[in-house]
Amino acid sequence: MYQMLIVDDNNKDRRVLRELFQWERFDVKVAGEAVNGKDALQKVEQCPPNILITDIFMPVMNGIDLVAEVSRKYPEIKIIFMSFSEEFEFAKSAIDMSVYGYIVKPLRSADVKKAIEKVLSVYHREEKSAQEKESLLTRLEKARPVLQESFVRDLLFGVYRKDEDILRRLEFFGLPRYQDILVRVYCIRERECSEEQSVAEQYSITYLLKERLTVQNGSGMVYVVQTAAHEFTLLHISLQKNNVGLNSDGLNYIMGIYPILGAIFTGDFVVGISNSSQQIADIHDLFKQACKAAETVFYTRQIPVVLYQEVAGNDTSITMNTEGLYNQIEELLLTGEEQAVHQFLREQLENPGEKDVQYLRYQVFSIINVLQILLLEKGKNIKDLMRNGE
């Protein structure tokens, strides 16, 4: 029920208004009366009404000053003026037009009814709007996981490119607004996918990747989305001071999750790694880098890991016998003969003849990647190799 306060220094006018209707039929209750603006302001502060009907000219504090104070402190209260007709021109010029109605004295039931119904209609619209907003927010909350994934996908595809626009949406989805960040994107692309793979198996891959790789904590976040058929992208945002899983070359992170990837994917796949950036608006460009790296023609019998910084500007049509390279490096790791290692490097990198710099750079890149893979299979990394060398 809507609470109404009547303000008038004239006892008769207050009584007439109070007894004019059975106010309950309007879902309105006369909650109190006041004899001037100061008295009314005290009552409003004690228990704010929904509707305030006030005379204009009163002692101590007039209706215009009362309305100015109430509108400033309680803008949700709906106000109706009542006064004699000759006073209205002054009132209209002296107040802000936030008043919802004017009733001319002597009071007539039709005029009062019209003003009250106008105020109530405003309340009804506001309540309906609030209910619709609440219902929408409830639906949005239920759809949050889907909308959040759509937002991350939009980031990757460049729908949002401005920092503040992205940060506001991160806040809306309850994702942390990190400061001093590093961002990197990883593109995981299946190769030679089986045509017999069922729809259930395809969805299982998506589910398992999200379940096992998604991270969100005080150190950063990893978010997994499917960006194409047989292609999955990891968006990794990390605090620079922690730099957890987002190392300068990105390889250690992939090494850490390689057992997970190997257990999820049944066939061959390639991981493309973008450069890192301190700007969240660069996510789209990093995504393109990761995709380009994943497209590189690089074949081994194990998972290839491709860094964008190594293939940027390269002719990706260059191919080489990486299976033979794999076998040679594997044998060198087993024997550990220093002379054999030097001989291998001379054969691969010295006297290039017609080989250009681009070819040599790609060859170095291939050797490093195969070495990383072999060490990974043995549960080691390059640092272990260096310590053994010492």
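Details of the structure are given in the entry above.
Residues numbered from 1 in each chain as written. Predicted model: local features only at pLDDT ≥ 70, side-chain atom pairs only at ≥ 80, totals over all residues. Heavy atoms only, no water.

(A) Structural detail: the sheet that holds strand β5 (residues 101–105). Read across the open sheet, the five strands follow the order β2-β1-β3-β4-β5; overall the sheet is parallel. Looking at which strands have only one partner, the edges of the open sheet turn out to be β2 (28–34) and β5. Strand-to-strand, the axes of this sheet are offset by a mean angle of 20°, without reference to chain direction. Looking at chain direction, strand β4 (residues 78–84) and β5 are connected through five bridges and run parallel. In the sheet register, M82 faces β5, and the bridge partner there is I103. The sheet contacts of helix α1 (residues 11–19) involve β1 (2–7), β2, β3 (51–55), β4 and β5, and relative to β2 the element is tilted by about 170°. (Pairing = 2+ DSSP bridges. Helix = DSSP H or I, 4+ residues; strand = E, 2+ residues; numbered from the N terminus. Axes fitted to C-alpha atoms, helices over the stretch in contact; angles between N-to-C directions. Contact = heavy atoms within 4.5 Å.)

(B) Focus on the packing of aromatic side chains. What the rule picks out here adds up to 10 aromatic pairs. With a centroid separation of 5.9 Å and 50° between ring planes, the pair formed by W23 and F26 is classed as tilted. The cationic tip of K78 hangs over the ring face of Y123; the distance from NZ or CZ to the ring centre is 4.3 Å. (Phe/Tyr/Trp six-rings, centres within 6.5 Å; stacked < 30°, edge-to-face > 60°. Lys NZ or Arg CZ within 6 Å of the ring centre and 35° of its normal.)

(C) Expanded view of the environment of S277. For S277, the location among the structural elements is in the loop between β10 (269–273) and α10 (283–294). Here S277 falls in the buried class, since its relative accessible area comes to 9%. Separated by 92 residues in sequence, S277 and V185 have C-alpha atoms that sit 9.8 Å apart. When near neighbours in sequence (up to four residues on either side) are disregarded, S277 contacts I181, L182, V183, D282 and L286. Only 3.0 Å separates the side chain of S277 from the backbone nitrogen of Q279, close enough to count as a polar contact. (Buried < 20%, exposed > 50% of the residue type's maximum accessible area, 1.4 Å probe, protein only. Polar contact = N/O pair within 3.5 Å; in protein donor to acceptor, adjacent residues only side chain to side chain.)

(D) Quick look at the packing of helix α6 (residues 144–156) against helix α7 (residues 163–172). The contact between α6 and α7 brings their axes to 11 Å, and the two run at 160°. With respect to α7, the axis of α6 lies roughly antiparallel. Judged by the sense of rotation from one axis to the other, the crossing of α6 with α7 is left-handed. Listed contacts from α7 to R144, F151 and L155 of α6 are I166, R169, L170 and F172. Within the contact of α6 with α7, the residues separate by chemical class into five nonpolar, no polar and two charged. (Parallel < 35°, antiparallel > 145°, perpendicular 65-115°, else oblique. Left-handed = near helix turned anticlockwise from the far one by under 90°. Nonpolar A, V, L, I, M, F, W, Y, C, P; charged D, E, K, R; others polar.)

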